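Each chain, written out:
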Amino acid sequence: MAKYMLIWRQDGTTPTEMEGRSFDEMLELVGRFNEEVIRAGVLVAAEGLDDPANGVVVDFTGETPVVTDGPYGETKELFNGFYILDVSSIQEAVEWAKRMPAAGGTKVEIRRVPSIDEFPQDNEWIRKERAWREAPGQL
């Protein structure tokens, strides 16, 4: 099994604008999908994100970090949430992504989440990372 992150990207529409559905309808669709991945035993984590207008951007392109309000101005697709699924292959992750309750203008990017075991185990920081994860029972 491997972990894959399904990154939910949408154009500038808000959840209540998607395909003319009410917010309650969208919650039901997402809730049903959540129930499916939970029943299948593949859900590791899932979260939605607040309106990007309520966020900030920390830009490291200059000598010192610059903080600005809201998302990148030139961004046409916004990262609205994610799922992390523990599945057998990227093909299985794709099949789950195809079942997501997404509207037109939505894209789902799928990326594998490397395991800590794939990093050099003799590295001091990897050993510390493993200890940090083991403390709260993440491994």
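Reading the values: the criteria
- Residues numbered from 1 in each chain as written.
- Predicted model: local features only at pLDDT ≥ 70, side-chain atom pairs only at ≥ 80, totals over all residues.
- Heavy atoms only, no water.
- Core = buried A, V, L, I, M, F, W, Y, C linked by side-chain atoms within 4.5 Å.
- Buried < 20%, exposed > 50% of the residue type's maximum accessible area, 1.4 Å probe, protein only.
- Helix = DSSP H or I, 4+ residues; strand = E, 2+ residues; numbered from the N terminus.
- Contact = heavy atoms within 4.5 Å.
- Expected span 1.5 Å × (residues − 1).
- Arc of directions from axis to C-beta.
- Salt bridge = Lys/Arg side-chain N within 4 Å of Asp/Glu carboxyl O.

A. Representation of the nonpolar core within the structure. Judged by nonpolar contacts, the single largest core of 14 residues is most densely connected at Leu6, Tyr83, Leu85, Val87, Trp96 and Met100. Breaking this core down by element, the ones donating at least two residues are β1 (2-10), α1 (23-39), β5 (78-87) and α2 (90-98). Ranked by the residues each element gives to this core, the list is headed by β1, at 4 residues. Every residue in contact with Trp96, bar those within four places of it in the chain, is listed here: Leu6, Phe33, Glu36, Val37, Ala40, Val42, Leu85 and Val87.

B. How the structure looks around α1. Over its 17 residues, α1 runs 24 Å from end to end, which matches the ideal 24 Å to within 8%, given 1.5 Å per residue. Restricting attention to buried positions, one finds in α1 the residues Met26, Phe33 and Val37. In an axial view of α1, the angular spread of the buried residues amounts to 40 degrees, which keeps them on one side of the axis. Residues of α1 that are exposed and point more than 90 degrees away from the buried face comprise Asp24, Arg32, Ile38 and Arg39. Those residues of α1 that are buried are in contact with β2 (43-48), β5 and α2. Note on α1: the residue one or two positions beyond its end, Gly41, has a positive phi of about 75 degrees.

C. Molecular detail of the pattern of salt bridges. Within this structure, the stated rule accounts for 10 salt bridges. For Arg39, the salt bridge is made with Glu35, and the minimal N-O distance between the two is 3.5 Å. Placement of the pair is Arg39 and Glu35 together in helix α1, with a separation of 4 residues, close to one helical turn. Among the residues examined, Arg39 registers a relative accessible area of 68% and is labelled exposed. Within this structure, Asp117, Arg130 and Glu134 form a network of salt bridges that share partners.

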